[in-house]
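# Residue-level structure breakdown
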Amino acid sequence: MAEQEASGLQVLLRTLQSSLDRESILTILQVLGDMLSVGTDRRIHYMISKGGSEALLQTLVDTARTASPDYDILLPLFRLLAKVGLRDKKFGQKALELEALDVTLILARKNLSHSQNLLHCLWALRVFASSVTTGAMLGINGAMELLFKVITPYARKRTRTIRAATEVLAALLKSKSNRRRAVNRGYITILLRLHQDWHSHDTANAYVLIRQGLLLCLQHITSLRSGREAFLAAQGMEILFSTMQVSCLDDKSMEPIISAALQILRQCYPKSPLPLATASSAYAFPVPGSITSEPPHILTEEDFEDDGDEKGDKDSDSEDTKEEDDDLETDVDKLSAKPGPDRPEEELVQYEAMCLELSCSFEELESKFGDDLNLTQYVNHHHIPTAASSEQHCLNKDRSSWGQEREDTVQTSLLSMVKMGRSMVHLASKKRPVMSSRQNVQSNGLGIDSFEKKLCDIQASLKEDAWDIDMISCPRMHPSFSNSTGPRETVEVIDKLLETHPKHIPFHDPYLYMSKARRTKSVVDFEMMAFPDFWGHCPPPSAQSMLERKHGIQRFKIFEDVRRLIQPSDIINKVVYSLDEPWPLQDTASNCLRFFSKFESGNLRKAIQVREFEYDLLVNADVNSAQHQQWFYFKVSGMKAAIPYRFNIINCEKPNSQFNYGMQPTLYSVKEALLGKPTWIRTGYEICYYTNHYRQSAAATGGESAKCHYTLTFTITFPHEEDVCYLAYHYPYTYTALMTHLDILEKIVNPKQVYFRREVLCQTLGGNLCPLVTITAMPESNSADHVEQFRHRPYQVITARVHPGESNASWVMKGALEFLVSSDPVARLLRENFIFKIIPMLNPDGVINGNHRCSLRGEDLNRQWISPKAHLQPTIYHTKGLLYYLRSIGRSPVVFCDFHGHSQKKNVFLYGCSIKETLWQAECPVGTSTLLEDVSYRTLPKILDKLAPAFTMSSCSFLVEKSRAATARVVVWREVGVSRSYTMESSYCGCNQGPYQLQCQSNANGKLTLEGGPR
């Protein structure tokens, strides 16, 4: 039957080409039309495979070349050609070879006054032009000149023909040669005039598709540099801007026009360098092997791609990203190789001091808890301790200037408070509501009447400006350096503040934090502490839903950006804060916000007042780097209440962000904290993230083409007049907060039940100590059997915060630490069965100095695991050394997990390693049936998928990519032989599944949370 159908179709096609009988040709065309009008595209593809395109084209040429072309044949023939040509990838080339282009153009010219015939010719030309090659040939043969005779100013007649002509012209302009021809012949001016005319007359929006066609033509032409220049010279920006009204930006009926017009405006907005003296970081640190930054490069048009089409205006809710397979490692030898250690075996002996749980008796161990640790043994950057001792005692030297007695007293009272806080943790884990700050105070015996009286006193003090809120909002670590008030007065103010407003925040002590902050070493020697970090903060009293994005908000923001160029009358452009300027830029009497970021983890390089209530902000690049601008954390003050302030962070680097899908910045109000609500909250509205007109020069990017920058814009209405607020990319978590937390944890654990040991892994390049924590259960007794069971527990190694900007990784780590030392039955079971080696912060220097991704050398430490150097990447070198040591004594970890934060996905998920899955995904010809692989790498993700509501198996991946070959996950899997080697990613934003769906919730338990945030 199929053979009969094939032979029948072939007979029809042969007859169509050879027949001279008019009725026979019309009948065959009718049959073919009926056949293709029903069914699927398979019929069209089948006809193409049997030579249908060639038969139709040949018939077109033969009929058109007769003395009097028969349009009864040509019109159905053109309709068939339009239908078949869209499915035939070689249609343009076939038309060119059979000379169908020329005859179609001739027919179109002859029928300029005959709308129906001309329309059919245009349909065929539109299909021909879909091929760039044939499109270029049509341009050479005068097709564009012909089309401009058809595309007339506004008219209510022949609109179908005009619309078809604009579509053909837009298709022709996909050819670079046609775009150049259009520029040279001045078609931009003609198109702008036509657009203005149709826009002004089409008040009912009846001819939106014609107007869209004209704009698409302009969009193609302006993808050329010469086209952009011609567009700007013809006042194209002003013309398009004037035709767009704010009121129509969210009009869905105008969607095609608005989208095309905005793309042209963004494409033609003059590209410029960032308003910075240099692309390099404002901070520099001399380290071994560092590269000196080059002088700033003046940006010119040569730095930009000439023909790079801009991506579409992604004003949608879709956040799905397709992962490419060309990065997958398909070399089986590389996948299965197990390289030896990257250092001599004898060097691994030094790590024995970090595993005393394997050798020391508990009597010996207890005797060493009180030993002092001499700081001189950390003078060498890459030296590690030779004797086990607690890091706590090294830090107990140089007691705080607030007084030894006071700190001890506060810590003693803190101990009972923290225990209360821990009981709250377990109550909260049983789904009881989070206690308010008022309930918190009452539960500590202060009494509700006492609290209300103190609250009234606080409010009265604030109203009377009894305290300088700017002074207390960023306290100095060394009050004696204060310039605004006398040293004694500063001490007394902070003293009174802390005594009058005691905040029972679990696992936090402001005195201890200040003491630790003084020992934290930064590149520029920070003298101030951020108030939220010093004062502490509680979880929000309730869950916060993700922000629902308003339709069209991105267009409004881009429209306002373009307005700056077109209507600059209200533009101020005043620099109000800059790390690059040695003199103070902020006038407290001026009508502008005041900014500050020179504190731990702070990052704001420059603030520019654009309009009265709008500011452009630039974040600092990572130290010794010219890139990785994403993390921000800064103080802002001097605001007016109930006024919307717009902030634009204009030098972000990531191509997309969860800020487009419900994420909000975090805000901490000092006045709210002083009134009893010390809380980081998600805030801001009209949030979007998009490409802007700023580019980085090719010189600054190492010879690569100019890199795009992205704008994160959000609007905030502050809660109080003249408040001091802190804004951050995500809930901040500083190095000092970690060291304070570890101190408190060490004090509250029950040493009879929990083996909690804190040591120093190494010293960082910046001179800060990298802590190593060991947690397991104490043996039931000192008997040989119990001690032996203790020593033979398998290891789990957990690390976090190799990327400083991923502060949520530290919050997850904080919860993990608190949970592992808790009395929870599951925690107790874990301690009894495993020894946990935990390195809670792999990149202390980056965290301290406000980096987003790098160390002080300006390199991503999670790409240095193959061959780290002790003097260049000490934390990675010694973490790997510890793993090598465990393997050398037959104690390789059963699990290795590196905590990270993810900026473009929701939920919590794991990345692991599998040879078979990688080869299968890459469609590698190597047979996977003969490969042996331990499939237990899927066990932990499956368990989490069942138990943790925030975890999603669908986002997990076990592929090994070439670009990830030097990461912790892959190196530990390949070199140390840990089959369960993972990267655990936690969303910055929230969940889109399960009980946490559409919520950005921070809870108070220590288990896996939906996102890394304060608990």
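First things first, this report covers the structure right here in the doc. (Residues numbered from 1 in each chain as written. Predicted model: local features only at pLDDT ≥ 70, side-chain atom pairs only at ≥ 80, totals over all residues. Heavy atoms only, no water.)

## What to know about the overall build of the protein chain
Defined as follows: Put simply, DSSP marks the helices as runs of H or I at least four residues long and the strands as runs of E at least two long, and each gets a number from the N terminus on. Throughout, a residue-residue contact means that at least one pair of heavy atoms, one from each residue, lies within 4.5 Å. Here the open area of atoms and residues is found with the Shrake-Rupley method and a 1.4 Å probe, where only the protein chains shown may cover a residue.
The helix and strand inventory of the protein chain stands at 38 helices and 20 strands. Long-range contacts, defined here as pairs at least 24 residues apart, represent 78% of the contacts in the protein chain between residues at least 6 apart. When the accessible surface of the protein chain is split by element, carbon and sulfur atoms take 52% of a total near 41600 Å².

## Focus: empty space enclosed by the protein
To keep it simple, the criterion reads: Method remark: on a 1 Å grid restricted to protein atoms, a set of points is classed as a cavity if a 1.4 Å probe fits but cannot get out and as a pocket if it is open with protein on both sides within 12 Å along at least five of seven lines; lining residues have an atom within 4 Å of a point. Grid points are joined across faces, edges and corners, and a volume is the space filled by probe spheres set on the points.
Going through the model one piece at a time under the given rule, you end up with eight cavities of 30 Å³ or more. Put simply, the second largest cavity is a space of about 110 Å³. Every residue lining the second largest cavity is counted, 13 residues in all, and those nearest its centre are Met 477, Ala 517, Phe 526, Met 528 and Glu 600.

## Focus on the packing of aromatic side chains
Threshold: Centre distance within 6.5 Å is the pairing criterion for rings of Phe, Tyr and Trp, where only the six-membered ring of Trp is used; planes under 30 degrees apart are then read as stacked, over 60 as edge-to-face, and the remainder as tilted. The buried label goes to any residue with under 20% of its type's maximum accessible area, the exposed label to any with over 50%, and the partly exposed label to all in between, with areas taken from a 1.4 Å probe on protein chains only.
Counting across every chain of the model gives 37 aromatic pairs. Ring centres of Phe 595 and Phe 647 lie 6.4 Å apart, and the angle between their planes is 85°; this geometry places the pair in the edge-to-face category. One end of the pair, Phe 595, is in strand β3 (residues 594-596); the other, Phe 647, is in strand β7 (residues 644-652), and 52 residues separate them in sequence. Residue classification places Phe 595 among the buried residues on the basis of a relative accessible area of 4%. Overall, the relative accessible area of 0% leaves Phe 647 in the buried class. When the ring of Phe 599 is compared with that of Tyr 726, the centres are 5.6 Å apart and the planes differ by 65°; the resulting orientation is edge-to-face.

## Quick look at the packing of helix α26 (residues 510-519) against helix α30 (residues 735-748)
This is how it is decided: All axes are obtained by fitting lines to C-alpha atoms, using only the stretch in contact for helices, and the reported angles, taken between N-to-C directions, cover 0 to 180 degrees. If an angle is under 35 degrees, it is roughly parallel; if it is over 145, roughly antiparallel; if it lies from 65 to 115, roughly perpendicular; otherwise it is oblique. Note: crossing handedness is left-handed where the near helix turns anticlockwise from the far helix by less than a right angle, and right-handed where it turns clockwise. Residue polarity follows a fixed list, in which Ala, Val, Leu, Ile, Met, Phe, Trp, Tyr, Cys and Pro are nonpolar, Asp, Glu, Lys and Arg are charged, and the others, Gly among them, are polar.
Orientation of α26 relative to α30, taken along the N-to-C sense of each, is 125°, at an axis distance of 9 Å. By the angle between their axes, α26 is oblique relative to α30. Remark: the crossing between α26 and α30 carries right-handed chirality. In contact with Leu 512, Tyr 513, Lys 516 and Ala 517 of α26, α30 contributes Thr 736, Ala 737, Met 739, Thr 740, Asp 743 and Ile 744. Residues belonging to the contact of α26 with α30 are distributed by class as follows: six nonpolar, two polar and two charged.

## Examining the nonpolar core
To keep things clear, this is the line we draw: Buried Ala, Val, Leu, Ile, Met, Phe, Trp, Tyr and Cys residues form a nonpolar core when they are joined through side-chain atoms within 4.5 Å.
Judged by nonpolar contacts, the single largest core of 124 residues is most densely connected at Phe 595, Phe 647, Tyr 726, Ile 775 and Phe 899. Ranked by size, the runner-up nonpolar core spans 102 residues in total, among them Ala 55, Leu 147, Tyr 187 and Leu 262.

## Some thoughts on the sheet that holds β3
What counts here: Strand pairing requires that DSSP identify at least two bridges connecting the strands.
Spatially, β3-β6-β12-β8-β9 is the arrangement adopted by the five strands of the open sheet, whose pairing is antiparallel. Each of the sheet's edge strands pairs with one partner strand only, and the pair in question is β3 and β9 (680-682). The average angle at which neighbouring strand axes cross in this sheet is 30°, direction not considered. Taken together, the three bridges between β3 and strand β6 (residues 633-637) define a ladder with antiparallel strand orientation. Looking at β6, one finds that Phe 596 is bridged to Lys 635.

## Section: the pairing of strand β17 (residues 895-902)
Along β17, eight of the eight residues are buried, which leaves the element largely enclosed by surrounding structure. Here β17 shows two buried faces, one formed by Val 895, Cys 897, Phe 899 and Gly 901 and the other by Phe 896, Asp 898, His 900 and His 902. Here five bridges tie strand β15 (residues 795-800) to β17, and the two strands are oriented parallel to one another. Looking across to β17, one finds that Thr 799 is bridged to Asp 898. Across seven bridges, β17 lies against strand β19 (residues 981-987) in parallel orientation. Considered in β19, the bridge of Cys 897 is made with Tyr 982.

## Observations concerning the pairing of strand β18 (residues 908-911)
Burial along β18 is two-sided: the face carrying Val 908 and Leu 910 and the face carrying Phe 909 and Tyr 911 are both buried. Strand direction decides the pairing type here: β18 and β19, joined by four bridges, are antiparallel. Its bridge partner being in β19, Tyr 911 is matched across the sheet by Thr 983.

## A look at helix α12 (residues 176-184)
Residues separated by three or four positions in an α-helix point in the same direction, a consequence of the helix having 3.6 residues per turn. Within α12 the residues assigned to the buried category are Asn 178, Arg 179, Arg 181, Ala 182 and Val 183. Remark: Gly 186 follows α12 within two positions and exhibits a positive phi of approximately 75°.

## Some details on the state of the cysteines
Here is the rule we go by: Two cysteine sulfur atoms make up a disulfide if the distance between them is within 2.5 Å.
Going through the model one piece at a time under the given rule, you end up with zero disulfides. In this structure Cys 762 is a free cysteine whose sulfur lies 4.9 Å from that of Cys 770, the closest cysteine sulfur available. Overall, Cys 762 belongs to the buried group, its relative accessible area being 0%.

## Some remarks on helix α16 (residues 236-243)
Buried residues dominate α16, accounting for six of its eight residues. Regarding α16, the residues found buried are Gly 236, Met 237, Ile 239, Leu 240, Phe 241 and Thr 243. Buried residues in α16 make contact with α13 (187-201), α14 (208-221), α15 (225-233), α17 (255-268) and α28 (553-566).

## Remarks on the side chain of Asp 723
Quick note on the threshold: The charge count treats Lys and Arg as positive and Asp and Glu as negative. His and the chain ends do not count. Salt bridge, as used here, is a side-chain nitrogen of Lys or Arg placed within 4 Å of a carboxyl oxygen of Asp or Glu. The definition of a polar contact used here is a pair of N or O atoms within 3.5 Å, where within protein one atom must be able to donate a hydrogen and the other to accept one, and adjacent residues in sequence count solely through side-chain atom pairs.
With respect to the secondary-structure elements, Asp 723 resides in the loop between β11 (707-717) and β12 (724-728). As a buried residue without a salt bridge, Asp 723 has its nearest oppositely charged side chain in Lys 671, at a separation of 5.7 Å. Polar contacts involving the side chain of Asp 723 include one to the main-chain amide nitrogen of Lys 671, which spans 3.1 Å. Ignoring any residue separated from it by four or fewer positions in sequence, one finds Asp 723 in contact with Ile 469, Val 636, Ser 637, Gly 638, Met 639, Ser 669, Val 670 and Lys 671.

## Some thoughts on unusual backbone geometry
Positive phi, close to 50°, is recorded for Glu 722, a residue that is not glycine. In this fold, Glu 722 is placed in the loop between β11 and β12. One non-glycine residue, Arg 801, lies in positive phi territory at about 60°. Tracing the sequence through the fold places Arg 801 in the loop between β15 and α32 (807-820). When its relative accessible area of 2% is taken as the criterion, Arg 801 is described as buried.

## Focus on the side chain of Arg 793
Secondary-structure assignment places Arg 793 in the loop between α31 (784-791) and β15. Buried within the structure, Arg 793 lacks any salt-bridge partner; Glu 832 is the closest side chain of opposite charge, at an N-O distance of 7.0 Å. A polar contact is formed between the side chain of Arg 793 and the backbone oxygen of Arg 831, at a distance of 3.4 Å. In this view, Arg 793 contacts Thr 776, Ala 777, Met 778, Pro 779, Arg 831, Glu 832, Asn 833, Phe 834, Ile 835 and Arg 891; residues no more than four positions away in its chain are not counted.

## What to know about the sheet that holds β19
Read across the sheet, seven strands follow the order β13-β14-β16-β15-β17-β19-β18 without closing on themselves; strand pairing throughout is mixed. Each end of this open sheet is capped by a strand with a single partner; those strands are β13 (754-763) and β18. Averaged over all pairs of adjacent strands, the angle between strand axes in this sheet comes to 20°, irrespective of strand direction. In terms of strand pairing, β15 meets strand β16 (residues 835-839) through five bridges, oriented parallel. Among the inter-strand pairings, Gln 796 is bridged to a residue of β16, identified as Phe 836.

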